[in-house]
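So you can see what is in the structure, the chains are spelled out below.
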Amino acid sequence: MLETVAIWGITGKTVTSIILIWAMYSQYIPRHVRSHVERYAYKLLGWISFHVHIKFTEYTEEGLKRSENYDAIRNYLSTNTAARAQRLKANESKNSKSVVLSMDDHEEVEDVFHGVKVKWYSNVKVTETQSNYGRNNTYERRFFTLTFHRRHRGMILESYINHVLREGKAIGVRNRERKLYTNNSSSEWYPWMSGKWSNVPFHHPATFETLAMDPEKKEGIKKDLVKFSKGKDYYKKVGKAWKRGYLLFGPPGTGKSTMISAIANFLDYDVYDLELTTVKDNSELKKLLLDTKSKSIVVIEDIDCSLDLTGQRKTKKEEDEEEDKEKKKEKKKEDEKKSKVTLSGLLNSIDGLWSACSDEKIVIFTTNFVDKLDPALIRRGRMDKHIEMSYCRFEAFKVLAKNYLEIESHELYGEIERLLEETDMSPADVAESLMPKSDEEDADVCIKRLVKTVEEEKEKARKLAEEAEKEEKRKKKKEEEAEKKKKVENGDLSENNGTN
Ligand SMILES: Nc1ncnc2c1ncn2[C@@H]1O[C@H](COP(=O)(O)OP(=O)(O)OP(=O)(O)O)[C@@H](O)[C@H]1O
Ligand SMILES: [Mg+2]
């Protein structure tokens with residue numbers, strides 16, 4: 001929260017100058033004298049000043065965590081007012097796309113809000129401590145001081161500070177470098193290591209423009225996403241946590257993972273790729289999800305393979321089988337290593353009380369086998385939108401041809417349209433045929449190669465279907481013969497019975 005120091009002074013400038021000088025030189029005064037001076041000086045200033053000063057420190061009270069408010073104010077000032085400061089500091093933040101300019105230490109800038117003038121000062125306090133080994137350590141603690149006349153106290157506390165924090169956070173989101181996170185095993189959950197999640201900058205180039213799928217379906221998804229991202233007030237009004245679940249299903253290579261990247265790029269969200277098999281249990285899963293930020297997508301890929309999410313653990317049946325003691329011991333050890341996340345644990349984390357702890361979040365599950373999933377996991381409300389990623393048809397092909405070959409028509413388009421309607425080929429396979437393999441290969445070569453590949457696929461599919469039909473006929477014939485034989489045997493028996 002805000003650290004508030006309200007002190008009243010003759011004029012804002014005088015008081016602030018005193019504070020600045022004090023911040024710079026107080027380190028040279030012995031600690032016990034310093035605390036006495038500070039106590040009486042603040043008391044004195046409180047009697048005679050007309051100005052209120054609010055201090056926003058760089059680190060939170062506990063001293064370990066960087067204050068989000070401080071960063072928001074820095075962003076706000078760097079965009080709105082810092083350009084007017086005489087001395088600027090160029091910060092290279094690892095979370096930022098570009099260099100962030102901010103006021104240098106001991107600088108001041110003015111801001112006007114609803115006709116009221118306020119002043120911001122950037123301060124630094126240097127503290128020296130002595131370690132057990134006699135070494136001197138110096139710490140720099142930065143803080144901003146906001147100064148305004150006491151008659152505007154209500155307006156500043158109720159509106160201005162909220163305005164600065166809101167604007168500053170929005171600027172931070174715009175400037176941040178997007179991240180792709182992956183969860184660490186709980187043995188690595190230490191603040192001095194990477195914590196619960198490791199991250200790398202997210203630079204996947206996929207967009208909705210390059211995604212090959214039915215254009216109407218694509219537009220529908222885009223509209224749904226825009227509605228969601230602007231739906232803060234709506235979700236509040238209907239009493240629903242501001243989150244949305246997407247289930248992407250379809251055969252391999254149809255663009256499920258590509259779609260996730262396109263969504264992240266479209267909404268400018270971070271991506272948390274949750275590897276469920278390394279999550280030890282439900283409580284660990286809860287902690288991981290609580291540690292995700294808003295404006296993000298939490299992804300569980302191939303959810304059918306991630307865990308046995310049917311509620312009954314796979315090992316139960318196997319346990320009934322006879323096993324010698326050694327084997328059992330080994331198995332127990334292996335089981336301990338296995339994830340104990342259950343279906344209900346997962347449901348609670350994505351949908352229960354815990355899920356509402358941070359806003360604006362999309363949860364995406366992907367699977368190749370939608371029928372294998374427990375209906376409870378994918379019911380609407382949890383997975384609000386089910387999107388089927390299907391084989392490549394003509395509309396999707398046109399997008400791929402435009403992406404890979406920069407063409408929008410060709411004499412073989414008619415032929416390709418007919419072939420793709422009759423043959424199930426994934427966009428991944430079509431894209432592979434369309435991609436030029438050398439500088440000599442032009443669009444014509446690639447399109448002809450695609451026609452040949454689809455024809456081969458079609459032929460392969462025809463042969464497979466023929467084989468399957470033959471096999472079916474063989475099976476049927478066998479069954480009929482077995483039935484006949486049974487009837488004859490039964491008939492014989494009844495005949496025998498009749499004669500006896
Ligand atoms: N619909 C598509 N639009 C554009 N490119 C696609 C599409 N589908 C597949 N691709 C291309 O094929 C490659 C594989 O696609 P992707 O990884 O998205 O498939 P997937 O559905 O996630 O497959 P899996 O089920 O095996 O995970 C991608 O790198 C992309 O280049
Ligand atoms: Mg995938």
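The notes below deal with the structure included here. (Residues numbered from 1 in each chain as written. Chains lettered and ligands numbered in written order. Predicted model: local features only at pLDDT ≥ 70, side-chain atom pairs only at ≥ 80, totals over all residues. Heavy atoms only, no water.)

## Things to note about unusual backbone geometry
Phase 1: Phi is positive for His106, close to 65 degrees, though the residue is something other than glycine.
Phase 2: Among the secondary structure elements, His106 is positioned in the loop between strand 4 (100-103) and strand 5 (108-113).
Phase 3: With relative accessibility at 23%, the residue His106 sits in the partly exposed group.
Phase 4: One non-glycine residue, Asp268, lies in positive phi territory at about 65 degrees.
Phase 5: Structurally, Asp268 is set in the loop between helix 7 (256-267) and strand 11 (270-273).
Phase 6: A relative accessible area of 31% means that Asp268 is categorised as partly exposed. (Helix = DSSP H or I, 4+ residues; strand = E, 2+ residues; numbered from the N terminus. Buried < 20%, exposed > 50% of the residue type's maximum accessible area, 1.4 Å probe, protein only.)

## Some details on helix 16 (residues 427-434)
Phase 1: Inspection of helix 16 places Pro427, Val430, Ala431, Ser433 and Leu434 among the buried residues, and these make up the whole buried set. Down the axis of helix 16, the smallest arc covering the buried residues is 160 degrees, so these residues share one side. (Arc of directions from axis to C-beta.)

## Comments concerning the pattern of salt bridges
Phase 1: Here the structure, examined in full by the defined rule, presents 23 salt bridges.
Phase 2: Between Lys402 and Glu408 there is a salt bridge whose closest N-O contact spans 3.9 Å.
Phase 3: For Lys402, a relative accessible area of 47% translates into the label partly exposed.
Phase 4: Of the charged contacts, one joins Glu457 and Lys460 as a salt bridge, the two residues approaching to 3.4 Å between their closest N and O atoms. Remark: Lys460 and Glu457 occur in helix 17 (residues 443-499); sequence separation between them is 3 residues, near one turn of the helix.
Phase 5: Taking the relative accessible area as the measure of exposure, Glu457 reaches 25% and is therefore partly exposed.
Phase 6: Each of the salt bridges in this network shares a partner with another, and the network as a whole consists of Glu415, Arg418, Glu422 and Lys458. (Salt bridge = Lys/Arg side-chain N within 4 Å of Asp/Glu carboxyl O.)

## With respect to the site of ligand 1
Phase 1: Among the 15 residues in the neighbourhood of ligand 1, the closest are listed as Ala212, Lys256, Ser257, Thr258 and Asn368.
Phase 2: Here an oxygen atom of ligand 1 sits 3.2 Å away from a polar atom, N or O, in the main chain of Thr254.
Phase 3: The protein chains hide 72% of the 620 Å² of surface that ligand 1 would expose on its own.
Phase 4: Among the elements of the structure, helix 7, helix 14 (394-405) and helix 16 are those that each provide at least two residues to the shell around ligand 1.
Phase 5: By residue number, the principal contributor to the shell around ligand 1 is helix 7, which donates 3 residues.
Phase 6: Taken together, the residues that form the shell around ligand 1 break down as 7 nonpolar, 7 polar and 1 charged. (Near = heavy atom within 4 Å. Polar contact = N/O pair within 3.5 Å; in protein donor to acceptor, adjacent residues only side chain to side chain. Areas by Shrake-Rupley, 256 points an atom, 1.4 Å probe, with all protein chains shown as cover. Nonpolar A, V, L, I, M, F, W, Y, C, P; charged D, E, K, R; others polar.)

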